[in-house]
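# Coordinates in review
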Amino acid sequence: MAIDLVLVVGATGSVGRHAVAGALDAGYRTRALVRDRARAGRFPEGAQLVVGDLTDPGTLREAVAGVTGIVFTHGSHGDARAAQLVDYGAVHNVLSVLDVPARIALMTTIGVTKHTPGHDWKRRGERLVRASGLPYTIVRPGWFDYNEPDQHRLVMVQGDTRWAGAPSDGVVSRAQIAHVLVASLTSDAADRRTFELVAEQGAAQSDLAPLFTALQPDPAAALDGVLDRDNMPLDQEPAAVVAELDAFRGRF
Ligand SMILES: NC(=O)c1ccc[n+]([C@@H]2O[C@H](COP(=O)([O-])OP(=O)(O)OC[C@H]3O[C@@H](n4cnc5c(N)ncnc54)[C@H](OP(=O)(O)O)[C@@H]3O)[C@@H](O)[C@H]2O)c1
């Protein structure tokens, strides 16, 4: 799938701003989705601005028109309801109005498979992406910008086993998270990969291909990451969540 026009969801966010700049630097036509043009602040020259509310699919059609790549960097900071509406809702609503296939890069979080209301809604968003049939990469970053100045060597791990809920789970800069998200869009080796992303002591790699290539793909039809714990069985999920997941299966 050739990538030409990239939509950044959560473009005003702390990682989203880097993703907008990174997509422009990579040469893509880049569209920043904001909820309020007046409050959006400045984006680098060349970025297109489009207004939409992630909680309202009817406002998102203009945002997805013609896109060939979507980078999701949104997120809520509130309660379970906010996580449902924003963290999960953004994925559901943006993909619901997408009518031609696009490559997806979705940011969630390290520890997403450890049950909390917020994590569970992010994980359900991951499941929608896997079920959709779209090509995707799911990046679960460690703690943003808790890295020391000499920690830039990227490490990708799978299975989401780091559950401390503290920077000991891993750290990584916002700029590097955005770089990996944008780079994944054109990498065959990153397709259907789900991984945790942290940085350790050392220099940043100039080529991410060896890192992506070392990862295992999520099995066809899998709802979770390839090595994830099987701790959120579908038969214990809310009926409305199962119905929305079923509606997404094989959409593309
Ligand atoms: N901090 C960490 O160490 C860490 C580590 C791993 C994962 N994460 C996860 O990363 C996510 C993002 O964190 P962040 O610090 O980058 O957050 P942020 O700077 O607040 O960015 C969140 C983005 O989502 C957008 N958004 C939220 N609700 C929206 C709505 N209804 N309609 C349109 N846009 C909406 C925000 O738009 P506005 O600008 O309009 O509000 C903003 O662009 C969080 O959910 C967090 O769980 C954080």
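Going by the structure above, here's the rest.
Here the structure is a predicted model, which means the values were calculated and not measured. Counting starts from 1 at the beginning of each chain's written sequence and moves along it residue by residue. Where totals are concerned, whole chains, interfaces and linings use all residues; where local detail is concerned, this predicted model gives features only for residues with pLDDT of at least 70, and gives and counts side-chain atom pairs only at 80 or more. Calculated side-chain values reflect all of the structure's heavy atoms, with hydrogen atoms and water omitted.

### Some points on the site of the ligand
Operational definition: The criterion for a residue being near a molecule or strand is simple. One of its heavy atoms has to lie within 4 Å of it. As used in this structure description, the phrase polar contact means that two N or O atoms lie within 3.5 Å; if the pair is within protein, one of them must be able to donate a hydrogen and the other to accept it, and residues adjacent in sequence are counted only when both atoms belong to side chains. Exposure was quantified through the Shrake-Rupley algorithm and a 1.4 Å probe, taking into account, for residues, occlusion by the shown protein chains and nothing else. Secondary structure is summarised from DSSP: a helix means a run of H or I of at least four residues, a strand means a run of E of at least two, and numbering begins at the N terminus for each. Any residue outside Ala, Val, Leu, Ile, Met, Phe, Trp, Tyr, Cys, Pro, Asp, Glu, Lys and Arg is labelled polar, Gly included; the first ten of those are nonpolar and the last four are charged.
The environment of the ligand is made up of 24 residues, and the closest members are Thr12, Ser14, Arg35, Lys122 and Phe144. Interatomic distance of 2.7 Å between a side-chain N/O atom of Ser14 and an oxygen atom of the ligand. For the ligand, an oxygen atom lies 2.8 Å from a polar atom in the side chain of Arg35. In isolation the ligand exposes 910 Å². Once the protein is present, 80% of that is buried. Those elements that place two or more of their residues in the shell around the ligand are helix 3 (80-97) and strand 7 (143-144). When the residues that make up the shell around the ligand are grouped by side-chain class, the tally is eight nonpolar, 12 polar and four charged.

### Here's the deal with the pattern of salt bridges
To be explicit about the condition: Salt bridges are defined as contacts in which a side-chain nitrogen from Lys or Arg sits within 4 Å of a carboxyl oxygen from Asp or Glu. Classification of residues uses two cut-offs on accessible area relative to the type maximum, computed with a 1.4 Å probe and protein chains only: under 20% is buried, over 50% is exposed, and between them is partly exposed.
Scanning all chains against the criterion turns up 13 salt bridges. A salt bridge links Asp228 to Arg140; its shortest N-O distance comes to 2.8 Å. Here Asp228, found in the loop between helix 6 (209-213) and helix 7 (239-248), pairs with Arg140, found in strand 6 (residues 136-141); they are 88 residues apart in sequence, far enough to count as distant. Note on accessibility: Asp228 and Arg140 belong to one class, buried.

### Here's the deal with the sheet that holds strand 6
The test is simple: Being paired, for any two strands, means DSSP has found at least two bridges between them. For helices, the fitted line uses only the C-alpha atoms of the stretch in contact; every axis is such a line through C-alpha atoms, and the angle between N-to-C directions lies from 0 to 180 degrees. In what follows, a contact means two residues having at least one pair of non-hydrogen atoms within 4.5 Å.
Spatially, the eight strands line up as an open sheet ordered 3-2-1-4-5-6-10-8, and their pairing is mixed. Each edge of the open sheet carries a strand with a single partner, namely strand 3 (48-51) and strand 8 (153-157). The mean angle between the axes of side-by-side strands here comes to 25°, regardless of whether they run parallel or antiparallel. Here strand 8 pairs with strand 10 (residues 193-200) via five bridges, running antiparallel. Bridge assignment links Met156 to a residue of strand 10, and that residue is Leu197. The strands touched by helix 4 (residues 117-132) within the sheet are strand 5 (103-107), strand 6 and strand 10, with strand 6 carrying the most contacts at an inclination of about 160°.

### Considerations on helix 7
The condition that has to hold: The directions from the helix axis to the C-beta atoms form the arc being described.
Those residues of helix 7 that fall on the buried side of the exposure criterion are Val241, Val242, Leu245 and Phe248. The arc enclosing the buried residues of helix 7, seen along the axis, measures out at 120°, which places them on a common side. Across from the buried face of helix 7, at angles greater than 90 degrees, the exposed residues are Ala239, Ala240 and Ala247. For helix 7, the elements touching its buried residues are helix 3 and helix 4.

### Concerning the packing of helix 4 against helix 7
Stated precisely, the cut-off is as follows: With respect to orientation, any angle under 35 degrees is reported as roughly parallel, any angle over 145 as roughly antiparallel, any angle of 65 to 115 as roughly perpendicular, and every other angle as oblique.
Closest axis-to-axis distance for the helix 4/helix 7 pair is 8 Å, and the angle between their directions is 25°. Considered as vectors, helix 4 and helix 7 are oriented roughly parallel to each other. The segment helix 4 lies against helix 7, with Trp121, Arg124, Arg127, Leu128, Ala131 and Ser132 engaging Val241, Glu244, Leu245 and Phe248. The class makeup of the residues in the contact of helix 4 with helix 7 is six nonpolar, one polar and three charged.

### Topic: the pairing of strand 10
Strand 10 sits mainly inside the fold: seven of its eight residues count as buried. In this sheet, strand 10 lies alongside strand 6 in parallel orientation, the contact comprising five bridges. Note on strand 10: the bridge partner recorded for Val139 is Phe195.

### Digging into unusual backbone geometry
A positive phi angle, near 50°, is found at Asp160, a position not held by glycine. With respect to the helices, strands and loops of the structure, Asp160 is situated in the loop between strand 8 and strand 9 (171-172). Look at Ala221: it is not a glycine, yet its phi comes out positive at around 75°.

### Section: the pairing of strand 4 (residues 69-72)
What counts is decided by this rule: If the strands point away from the viewer and the path from the first strand over the helix to the second runs clockwise, then the crossover is right-handed.
Side chains Gly69 and Val71 project from strand 4 onto one buried face, and the interleaved Ile70 and Phe72 project onto a second face that is buried too. In this structure, strand 1 (residues 5-9) lies alongside strand 4, joined through four bridges in parallel fashion. Paired with Val8 across the bridge in strand 4 is Val71. Of the strand pairs in this sheet, strand 4 and strand 5 are connected by four bridges, and their pairing is parallel. Counted as the bridge partner of Phe72 is Leu106 from strand 5. Following the backbone out of strand 4, through helix 3 and into the adjacent parallel strand 5, one traces a crossover that is right-handed.

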